Amino acid sequence: MPLKNISITALDATKKGEAVITEFGIEGGAIYALSKQIRQQLNEGKQAVCYIDLKPTLSIEDLITALKSKPSNSSMSKYLESTIHLSKAQLALLKNQTTQEDFFNNEILTKKIKALPLHITGLGPIDEAISTTGGIALNEIDNNFQFKKWPAHYAIGEMLDWDAPTGGYLLQACFSMGYKLAEHLNTL
Ligand SMILES: Cc1cc2nc3c(=O)[nH]c(=O)nc-3n(C[C@H](O)[C@H](O)[C@H](O)COP(=O)(O)OP(=O)(O)OC[C@H]3O[C@@H](n4cnc5c(N)ncnc54)[C@H](O)[C@@H]3O)c2cc1C
(Lines give C-alpha, C1' and ligand atoms only; values in the text may rest on other atoms or scores of the structure.)
Protein backbone atom coordinates (compact mmCIF):
# COMPACT_ATOMS: atom_id res chain seq x y z
CA MET A 1 0.00 0.00 0.00
CA PRO A 2 1.91 3.09 -1.17
CA LEU A 3 2.02 6.03 1.21
CA LYS A 4 2.12 9.07 -1.06
CA ASN A 5 3.68 12.34 0.02
CA ILE A 6 5.29 11.23 3.22
CA SER A 7 8.83 12.15 3.96
CA ILE A 8 11.05 10.52 6.50
CA THR A 9 13.38 12.61 8.57
CA ALA A 10 14.91 9.99 10.71
CA LEU A 11 18.24 9.24 12.34
CA ASP A 12 19.80 11.72 9.96
CA ALA A 13 17.45 14.63 9.41
CA THR A 14 18.98 15.44 6.02
CA LYS A 15 17.70 12.20 4.49
CA LYS A 16 14.29 12.56 2.98
CA GLY A 17 12.18 10.68 0.51
CA GLU A 18 9.12 8.55 0.14
CA ALA A 19 8.39 5.27 1.84
CA VAL A 20 5.98 2.46 1.11
CA ILE A 21 4.17 0.27 3.62
CA THR A 22 4.31 -3.36 2.61
CA GLU A 23 3.05 -6.60 4.10
CA PHE A 24 6.39 -6.95 5.92
CA GLY A 25 7.19 -3.42 7.00
CA ILE A 26 8.37 -0.26 5.35
CA GLU A 27 10.62 0.21 2.33
CA GLY A 28 11.46 2.70 -0.41
CA GLY A 29 13.95 5.44 -1.16
CA ALA A 30 13.74 7.08 2.25
CA ILE A 31 14.42 3.78 4.03
CA TYR A 32 17.23 2.74 1.63
CA ALA A 33 18.98 6.02 2.38
CA LEU A 34 18.78 5.28 6.10
CA SER A 35 19.39 1.55 6.02
CA LYS A 36 23.08 1.83 6.96
CA GLN A 37 22.29 3.89 10.07
CA ILE A 38 19.34 1.63 10.95
CA ARG A 39 21.56 -1.46 10.61
CA GLN A 40 24.28 0.09 12.80
CA GLN A 41 21.78 1.05 15.49
CA LEU A 42 20.24 -2.43 15.55
CA ASN A 43 23.64 -4.18 15.47
CA GLU A 44 24.71 -2.14 18.50
CA GLY A 45 21.57 -3.25 20.30
CA LYS A 46 20.15 0.28 20.18
CA GLN A 47 16.70 1.38 19.09
CA ALA A 48 16.23 2.51 15.50
CA VAL A 49 13.43 5.05 15.32
CA CYS A 50 12.38 6.77 12.10
CA TYR A 51 10.24 9.90 12.30
CA ILE A 52 7.74 10.19 9.49
CA ASP A 53 6.49 13.61 8.43
CA LEU A 54 2.96 12.83 7.26
CA LYS A 55 2.40 16.38 6.00
CA PRO A 56 5.68 17.76 4.67
CA THR A 57 3.90 20.59 2.84
CA LEU A 58 2.34 22.01 6.04
CA SER A 59 4.21 23.64 8.92
CA ILE A 60 3.35 22.90 12.56
CA GLU A 61 1.67 26.35 12.77
CA ASP A 62 -0.41 25.65 9.61
CA LEU A 63 -1.53 22.34 11.07
CA ILE A 64 -2.47 23.79 14.45
CA THR A 65 -4.51 26.52 12.67
CA ALA A 66 -6.21 23.91 10.47
CA LEU A 67 -7.04 21.69 13.46
CA LYS A 68 -8.46 24.65 15.39
CA SER A 69 -10.85 25.26 12.47
CA LYS A 70 -12.38 21.80 12.82
CA PRO A 71 -16.15 22.15 13.34
CA SER A 72 -17.07 20.72 16.74
CA ASN A 73 -19.65 18.39 15.19
CA SER A 74 -17.19 16.86 12.70
CA SER A 75 -15.26 13.69 13.59
CA MET A 76 -11.48 14.11 13.93
CA SER A 77 -10.76 11.14 11.64
CA LYS A 78 -13.03 12.47 8.90
CA TYR A 79 -11.55 15.96 9.26
CA LEU A 80 -7.98 14.65 8.98
CA GLU A 81 -8.94 12.75 5.84
CA SER A 82 -11.10 15.35 4.09
CA THR A 83 -9.45 18.64 5.11
CA ILE A 84 -5.88 17.76 6.08
CA HIS A 85 -5.84 15.16 3.29
CA LEU A 86 -4.24 12.32 5.21
CA SER A 87 -4.65 9.02 3.38
CA LYS A 88 -6.31 6.04 5.05
CA ALA A 89 -2.88 4.43 5.53
CA GLN A 90 -1.46 7.59 7.12
CA LEU A 91 -4.48 7.86 9.40
CA ALA A 92 -4.12 4.23 10.42
CA LEU A 93 -0.43 4.77 11.25
CA LEU A 94 -1.26 7.89 13.21
CA LYS A 95 -3.97 6.16 15.23
CA ASN A 96 -1.68 3.22 15.87
CA GLN A 97 0.93 5.52 17.44
CA THR A 98 -1.42 7.81 19.37
CA THR A 99 -3.50 7.27 22.49
CA GLN A 100 -7.17 8.18 22.31
CA GLU A 101 -6.54 11.14 24.60
CA ASP A 102 -3.63 12.46 22.49
CA PHE A 103 -5.66 12.05 19.30
CA PHE A 104 -7.92 14.86 20.48
CA ASN A 105 -5.11 17.08 21.77
CA ASN A 106 -4.30 19.42 18.84
CA GLU A 107 -0.76 20.14 19.97
CA ILE A 108 0.23 16.51 20.50
CA LEU A 109 -1.59 15.39 17.36
CA THR A 110 0.23 18.04 15.30
CA LYS A 111 3.59 16.89 16.65
CA LYS A 112 2.74 13.29 15.78
CA ILE A 113 1.62 14.27 12.25
CA LYS A 114 4.93 16.08 11.70
CA ALA A 115 7.16 13.47 13.36
CA LEU A 116 5.46 10.12 13.74
CA PRO A 117 7.89 7.76 15.49
CA LEU A 118 8.27 4.39 13.85
CA HIS A 119 10.30 1.81 15.76
CA ILE A 120 12.25 -0.39 13.35
CA THR A 121 12.64 -3.84 14.85
CA GLY A 122 14.70 -5.60 12.17
CA LEU A 123 15.94 -5.70 8.60
CA GLY A 124 14.45 -7.61 5.68
CA PRO A 125 15.79 -11.06 4.69
CA ILE A 126 19.07 -11.25 2.76
CA ASP A 127 17.31 -12.88 -0.23
CA GLU A 128 15.39 -9.65 -0.80
CA ALA A 129 18.27 -7.27 -0.14
CA ILE A 130 19.33 -4.78 -2.79
CA SER A 131 22.82 -4.91 -1.36
CA THR A 132 23.95 -7.44 1.19
CA THR A 133 26.99 -5.70 2.76
CA GLY A 134 29.26 -8.10 4.58
CA GLY A 135 31.26 -10.65 2.62
CA ILE A 136 35.01 -10.94 1.97
CA ALA A 137 36.94 -8.41 4.06
CA LEU A 138 38.70 -5.77 1.95
CA ASN A 139 42.00 -6.42 3.75
CA GLU A 140 41.93 -9.99 2.36
CA ILE A 141 42.39 -8.74 -1.23
CA ASP A 142 45.12 -6.66 -2.86
CA ASN A 143 44.73 -3.52 -5.00
CA ASN A 144 43.81 -5.70 -8.01
CA PHE A 145 41.09 -7.60 -6.12
CA GLN A 146 43.28 -10.71 -5.89
CA PHE A 147 43.00 -12.86 -2.76
CA LYS A 148 46.17 -12.38 -0.74
CA LYS A 149 45.91 -15.98 0.50
CA TRP A 150 44.79 -17.46 -2.83
CA PRO A 151 46.78 -16.04 -5.79
CA ALA A 152 45.15 -15.88 -9.24
CA HIS A 153 41.70 -15.80 -7.65
CA TYR A 154 39.73 -12.57 -7.52
CA ALA A 155 36.54 -11.19 -6.00
CA ILE A 156 34.61 -8.02 -6.87
CA GLY A 157 31.13 -6.57 -6.43
CA GLU A 158 28.71 -7.84 -3.84
CA MET A 159 31.10 -10.62 -2.80
CA LEU A 160 33.19 -7.98 -1.02
CA ASP A 161 32.41 -6.31 2.29
CA TRP A 162 31.61 -2.76 1.22
CA ASP A 163 28.61 -0.54 1.33
CA ALA A 164 27.14 2.23 -0.81
CA PRO A 165 23.76 3.88 -1.09
CA THR A 166 21.46 2.56 -3.80
CA GLY A 167 20.52 4.89 -6.65
CA GLY A 168 23.30 3.92 -9.02
CA TYR A 169 26.24 3.96 -6.62
CA LEU A 170 26.19 0.18 -6.11
CA LEU A 171 26.00 -0.56 -9.84
CA GLN A 172 28.64 2.06 -10.66
CA ALA A 173 31.02 0.64 -8.06
CA CYS A 174 30.49 -2.91 -9.40
CA PHE A 175 31.08 -1.76 -12.99
CA SER A 176 34.19 0.17 -11.93
CA MET A 177 35.60 -2.84 -10.06
CA GLY A 178 34.93 -5.05 -13.11
CA TYR A 179 36.63 -2.52 -15.38
CA LYS A 180 39.67 -2.21 -13.12
CA LEU A 181 40.04 -5.96 -12.74
CA ALA A 182 39.68 -6.53 -16.51
CA GLU A 183 42.36 -3.90 -17.13
CA HIS A 184 44.66 -5.68 -14.68
CA LEU A 185 44.01 -9.14 -16.16
CA ASN A 186 44.82 -7.81 -19.63
CA THR A 187 48.30 -6.87 -18.43
CA LEU A 188 49.12 -10.44 -17.32
C1 LIG B 1 15.87 -5.44 -6.59
C2 LIG B 1 17.21 -4.75 -6.68
C3 LIG B 1 17.25 -3.41 -7.06
C4 LIG B 1 18.49 -2.76 -7.15
N5 LIG B 1 18.52 -1.46 -7.52
C6 LIG B 1 19.69 -0.82 -7.63
C7 LIG B 1 19.75 0.53 -8.06
O8 LIG B 1 18.74 1.16 -8.35
N9 LIG B 1 20.95 1.12 -8.13
C10 LIG B 1 22.11 0.48 -7.79
O11 LIG B 1 23.17 1.08 -7.86
N12 LIG B 1 22.08 -0.80 -7.39
C13 LIG B 1 20.91 -1.48 -7.30
N14 LIG B 1 20.88 -2.77 -6.89
C15 LIG B 1 22.15 -3.40 -6.47
C16 LIG B 1 22.96 -3.87 -7.66
O17 LIG B 1 22.10 -4.53 -8.58
C18 LIG B 1 24.06 -4.83 -7.15
O19 LIG B 1 24.86 -4.16 -6.20
C20 LIG B 1 24.93 -5.30 -8.30
O21 LIG B 1 24.16 -5.85 -9.34
C22 LIG B 1 25.89 -6.36 -7.79
O23 LIG B 1 26.66 -6.78 -8.87
P24 LIG B 1 27.52 -8.11 -8.75
O25 LIG B 1 28.13 -8.30 -10.11
O26 LIG B 1 28.42 -8.06 -7.58
O27 LIG B 1 26.47 -9.26 -8.43
P28 LIG B 1 25.25 -9.77 -9.29
O29 LIG B 1 24.68 -8.65 -10.13
O30 LIG B 1 24.37 -10.45 -8.32
O31 LIG B 1 25.90 -10.80 -10.28
C32 LIG B 1 26.35 -12.07 -9.85
C33 LIG B 1 26.15 -13.02 -11.01
O34 LIG B 1 26.77 -14.26 -10.68
C35 LIG B 1 25.91 -15.29 -11.06
N36 LIG B 1 26.25 -16.47 -10.27
C37 LIG B 1 25.97 -16.72 -8.98
N38 LIG B 1 26.49 -17.89 -8.59
C39 LIG B 1 27.12 -18.38 -9.66
C40 LIG B 1 27.87 -19.56 -9.88
N41 LIG B 1 28.07 -20.45 -8.92
N42 LIG B 1 28.40 -19.75 -11.11
C43 LIG B 1 28.24 -18.83 -12.09
N44 LIG B 1 27.54 -17.69 -11.93
C45 LIG B 1 26.99 -17.47 -10.72
C46 LIG B 1 24.52 -14.78 -10.80
O47 LIG B 1 23.57 -15.47 -11.56
C48 LIG B 1 24.67 -13.33 -11.27
O49 LIG B 1 24.41 -13.18 -12.64
C50 LIG B 1 19.67 -3.46 -6.83
C51 LIG B 1 19.61 -4.81 -6.46
C52 LIG B 1 18.38 -5.44 -6.37
C53 LIG B 1 18.34 -6.89 -5.96
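Residues numbered from 1 in each chain as written. Predicted model: local features only at pLDDT ≥ 70, side-chain atom pairs only at ≥ 80, totals over all residues. Heavy atoms only, no water.

With respect to the packing of helix H2 (residues 60–68) against helix H6 (residues 106–114)
Between H2 and H6, the least distance of the axes is 10 Å, while the angle of their chain directions is 135°. Considered as vectors, H2 and H6 are oriented oblique to each other. Our pair here, H2 against H6, has a crossing hand that is right-handed. Where H2 approaches H6, its residues Ile60, Leu63, Ile64, Leu67 and Lys68 are matched on the opposing element by Asn106, Leu109, Thr110, Ile113 and Lys114. (Axes fitted to C-alpha atoms, helices over the stretch in contact; angles between N-to-C directions. Helix = DSSP H or I, 4+ residues; strand = E, 2+ residues; numbered from the N terminus. Parallel < 35°, antiparallel > 145°, perpendicular 65-115°, else oblique. Left-handed = near helix turned anticlockwise from the far one by under 90°. Contact = heavy atoms within 4.5 Å.)

Observations regarding the pairing of strand E7 (residues 150–154)
Consecutive side chains along a regular strand alternate between the two faces of the sheet. For strand E6 (residues 146–147) and E7, the ladder comprises 2 bridges, and the chain directions are antiparallel. The residue bridging Phe147 from the neighbouring strand is Trp150, located in E7. Where E6 folds back onto E7 in an antiparallel hairpin, the turn is made up of 2 residues. (Pairing = 2+ DSSP bridges.)

Bear in mind that shape data such as this cannot, by itself, settle questions of function.
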